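# Notes for the structure review
Each chain is listed here by its residues.
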Amino acid sequence: MVLWGFRWFKLFLNPYANDEFEHISESDRRIYILGRLEDAEFSEWSWVIIVAGVGFFTDAYSIFAINMVLPMLGIIYYPDGIMPHNYETALSVVTLGGSIIGQVAFGLCADIWGRRKMYGLELIITIVATLGVVMSSNGINGSMSIIAWLLVWRFVLGIGIGADYPLSAVICSEFAPTRLRGRMLTAVFMCQPLGQLAATLVAWIAAARQRNGINGIMPDNCDGECIKTLDSVWRWIIGVGVIPAVIALWFRLTIIESPRYTADVGRDSRKAASELNQYLLLQAQAQTAAASTTSLQINSGEGNNATTQRTRNSSFGAGSGAESIAQSGAANDDSEHDIPPIPTWEEFKQFFWHDGNLRTLIATSLCWFCLDLPFYGLGMNSPRIINTIWNGKNPQNLPIYDMIEHDIWQSLVVVSLGAIVGSLITLTTIDWLGRRNIQMNGFFWLFILFIVIGGSFNHLYEIGGSPAIIVLYILCQIFFNFGPNTTTYILPAELFPTRYRGLCHGISAAFGKLGSVVAQLFLAYINYGHNVDYQTIQKWLPYSLLIFSIFMLLGLWMTWKWIPGQERGTDGEIKTLEEWAKGRSTPNKFAQTRLAKIVECRLKADSPKLSHMKSRTIHAKIYFRL
């Protein structure tokens, strides 16, 4: 089998080599493109999961590895052995803030300039930023500030991490066969708990490998060889995250453009069909060309009641794309129904405002916001929270190596176990239960669990009921991933048309990270009064969980109210991206009200003034240059 990276490198040499689609009609090219994607073989679509998943694995590794590193940084660089609270909070917030920028910016750029031009660039940013973190130091005799360098590089790292969200999701969604799309996106997102697990295991291996330098030494007695060993350990933990990113970089830089983007937005169906015929299905070209009768007929009814009928009798042959189309004889005279509109500002307003699809974007964004409040609020503070849950009223004062080992073991049991189990359940049930039902189910049980833990925590903490709290916390991790943590990633990659898919996924993900920033700041400086503040986890945690339960209920309501629920077409099969791209069947009723029309008329009236002001500004700039 020829590896994709080397196969696709030919694209840069001659993208139209052996092109057989020049004299094929636009409609038939699109039939071929969609049919080829639908009938892709395992060796073809599995590479999409690997290439997208490795990047997402690296992102999760980089985000959560800092949990293992912060206690070491405190021992190495600060006299009392603890990193100042403000610095810990800043490291989390700048990373998440950078992610917001990366998600929106790269999502927009992917819709404007294409997925391939952006894909790989974000991984380069991640690699460079990770190496920058690894090489951060205080310099000679404090000539530099390690916290300043860490903040700078973690911000840049956040941009790379954020950029991967819309790019990986959109590329996976647009390459995936409809029958596998849900499971493929779930498999890519499952790399998040796997990356978190890997960060924990690497920390364990790195510490065990150099345990002779830290074994039996208490944190307040660490000096000389102990500090040198810890300094090496934390750099290894962070630096190992570069390895999978470097492996995936070549394949991302040489990936072909999404055929759907090339045909729908780039308006070059000939190139899209040619690339698919030459590269995506190269392995099957040695086989005998098989007859194919795949047709995609899009029948437009009145208003928005359009339906799509799909007939798939056999797989496309791989010997010749044009020959397969000729054999099928599936010409479509109504090709204008197959071609989506050109993305313009007017069309953007029509689709989101007048057609009512802004409701879907608001729903995907707010659901992600509600989810990430507790997920990152608790997840990025997990070592201290889990230590409190695990040990109860009897905290242990352990030597450095034993402390690291205990933190790792607790994280494996409480976080990684539940997260991976939840992802596996979603992987097997995503098409059976449906995205919307899984998201509603997850929000519901998280709402119940947060109330139960928040209401019983103080009693269980006092009587030594740590095992019960641990079990409940593991259940929370299961329903995070068998629930909204997975589906909020999947839904924006499916519900929007190709021309806006990257931006909409980026906006939705950015709202999630905004929620995580709010949660970090809220939990970092929380003060409920009566000595209940951020310094006493056992006191603020139950109150915070009760507050988070309100957002789980809000996410449940928003999913039920505004997330589209009909996930199967009239033929009973899972909807294609082209069917989802039609948007809602009911327009935005508010857009027809008098108030909305007055506002819209006012904006139109102001637009000539704005154009005139812009023209005067340009003339002024020219004048001053002269």
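Residues numbered from 1 in each chain as written. Predicted model: local features only at pLDDT ≥ 70, side-chain atom pairs only at ≥ 80, totals over all residues. Heavy atoms only, no water.

All right, on to the overall build of the protein then. What the protein contains, in helices and strands, is 27 helices and four strands. Among the 626 residues that make up the protein, the fraction classed as buried is 56%. As displayed, the protein has an accessible area near 26600 Å², and 63% of this comes from carbon and sulfur atoms. (Helix = DSSP H or I, 4+ residues; strand = E, 2+ residues; numbered from the N terminus. Buried < 20%, exposed > 50% of the residue type's maximum accessible area, 1.4 Å probe, protein only. Areas by Shrake-Rupley, 256 points an atom, 1.4 Å probe, with all protein chains shown as cover.)

In this fold, histidine 354 is placed in helix α16 (residues 345–354). As a C-alpha pair, histidine 354 and threonine 586 span 232 residues in sequence and 9.7 Å in three-dimensional space.

Moving on, we come to the packing of aromatic side chains. Inspection of every chain in the model, using the stated rule, returns 24 aromatic pairs. On the numbers, 5.0 Å between centres and 65 degrees between planes, the contact of phenylalanine 56 with tyrosine 165 is edge-to-face. One end of the pair, phenylalanine 56, is in helix α4 (residues 42–77); the other, tyrosine 165, is in helix α8 (residues 146–175), and 109 residues separate them in sequence. Here the two residues phenylalanine 56 and tyrosine 165 agree in accessibility, since each one is buried. (Phe/Tyr/Trp six-rings, centres within 6.5 Å; stacked < 30°, edge-to-face > 60°.)

Grouped together as the largest cluster of nonpolar side chains are 113 residues, with contacts concentrated most on Tyr489 and Leu541. Ignoring sequence-local partners within four residues, the contact set of tyrosine 489 consists of Phe56, Tyr165, Ser168, Ala169, Leu185, Val188, Phe189, Trp368 and His505. One finds Ala65, Ile66, Leu150 and Ile237 within the second-largest nonpolar core, a separate group that totals 40 residues. (Core = buried A, V, L, I, M, F, W, Y, C linked by side-chain atoms within 4.5 Å. Contact = heavy atoms within 4.5 Å.)

Moving on, we come to the packing of helix α7 (residues 121–134) against helix α11 (residues 225–239). Orientation of α7 relative to α11, taken along the N-to-C sense of each, is 175 degrees, at an axis distance of 9 Å. As the angle between them shows, α7 and α11 are arranged roughly antiparallel. Facing Thr130, Val133 and Val134 of α7, the residues of α11 in contact are Trp234, Arg235, Ile238 and Gly239. Looking at the contact of α7 with α11, its residues break down into four nonpolar, two polar and one charged. (Axes fitted to C-alpha atoms, helices over the stretch in contact; angles between N-to-C directions. Parallel < 35°, antiparallel > 145°, perpendicular 65-115°, else oblique. Nonpolar A, V, L, I, M, F, W, Y, C, P; charged D, E, K, R; others polar.)

With 16 residues, helix α21 (residues 466–481) ought to run about 22 Å at 1.5 Å a step, and its terminal C-alpha atoms sit 23 Å apart, in line with that. Buried residues dominate α21, accounting for twelve of its 16 residues. Regarding α21, the residues found buried are Ser466, Ile469, Ile470, Leu472, Tyr473, Ile474, Cys476, Gln477, Ile478, Phe479, Phe480 and Asn481. (Expected span 1.5 Å × (residues − 1).)

Here the focus is the environment of tyrosine 376. Here tyrosine 376 shows up in helix α17 (residues 358–379). Remark: the alpha-carbon pair of tyrosine 376 and phenylalanine 64, spanning 312 residues in sequence, is separated by 9.9 Å.

Take the confidence of the model for the protein next. The predicted model of the protein averages 81 in pLDDT, with 81% of residues at 70 or higher. The element-level mean pLDDT for the protein is lowest in strand β1 (residues 294–299), coming to 38, with helix α22 (residues 484–490) highest at 96. Contacts of residues 281–320 to residues separated by more than four positions or lying in other chains number 98 contacts, the stretch itself having pLDDT below 50. Every residue in residues 613–626 is under pLDDT 50, and counting partners more than four places away or in other chains gives zero contacts. (pLDDT = per-residue confidence, 0-100.)

All right, on to the pattern of salt bridges then. The full count for this structure, using the stated rule, is 15 salt bridges. One continuous salt-bridge network, built from bridges that share partners, spans Arg181, Arg183, Asp431, Arg435 and Glu494. (Salt bridge = Lys/Arg side-chain N within 4 Å of Asp/Glu carboxyl O.)

Now for helix α9 (residues 181–189). In terms of burial, α9 is a largely internal element, eight of the nine residues being buried. Buried residues of α9: Arg181, Gly182, Met184, Leu185, Thr186, Ala187, Val188 and Phe189, and no others.

Below, the discussion takes up the packing of helix α5 (residues 85–113) against helix α24 (residues 501–524). Orientation of α5 relative to α24, taken along the N-to-C sense of each, is 170 degrees, at an axis distance of 7 Å. The pairing of α5 with α24 is recorded here as roughly antiparallel in orientation. Taken together, the residues of the contact of α5 with α24 break down into twelve nonpolar, eleven polar and three charged.

This brings us to a nonpolar patch on the surface. A cluster of nonpolar side chains, Leu358, Ile362, Leu366, Phe511, Leu514 and Val518, forms an exposed patch at the surface whose accessible area comes to about 410 Å². Listing elements by their share of the nonpolar patch, those giving two or more residues are α17 and α24. (Patch = residues over 30% accessible without salt bridge, like charges linked within 9 Å, V, L, I, M, F, W, Y side chains within 5 Å.)

The backbone phi angle of asparagine 141 is positive, close to 55 degrees, even though this residue is not glycine. The exposure class assigned to asparagine 141 is exposed, which follows from its relative accessible area of 80%. With a phi close to 55 degrees, arginine 267 is a non-glycine residue in the positive phi region. Mapping arginine 267 onto the fold places it in the loop between α13 (259–264) and α14 (269–280).

A full pass over the atoms with the stated rule returns one disulfide. Note on cysteine connectivity: cysteine 222 is disulfide-linked to cysteine 226, with sulfurs 2.0 Å apart. As the torsion about the S-S bond is roughly -105 degrees, the cysteine 222-cysteine 226 disulfide counts as left-handed. Residue cysteine 226 is classed as buried on the basis of its relative accessible area, which comes to 2%. (Disulfide = S-S within 2.5 Å.)

This part takes up the side chain of glutamine 477. With respect to the element layout, glutamine 477 can be found in helix α21. If sequence neighbours within four positions are ignored, glutamine 477 has contacts with Phe375, Val414, Val415, Gly418 and Ala419.

Once that is clear, we can look at the side chain of aspartate 231. Residue placement: aspartate 231 occurs in helix α11. There is a polar contact of 3.1 Å between the side chain of aspartate 231 and the side chain of arginine 235. Among residues more than four places away in sequence, those in contact with aspartate 231 are Ile76 and Tyr77. (Polar contact = N/O pair within 3.5 Å; in protein donor to acceptor, adjacent residues only side chain to side chain.)

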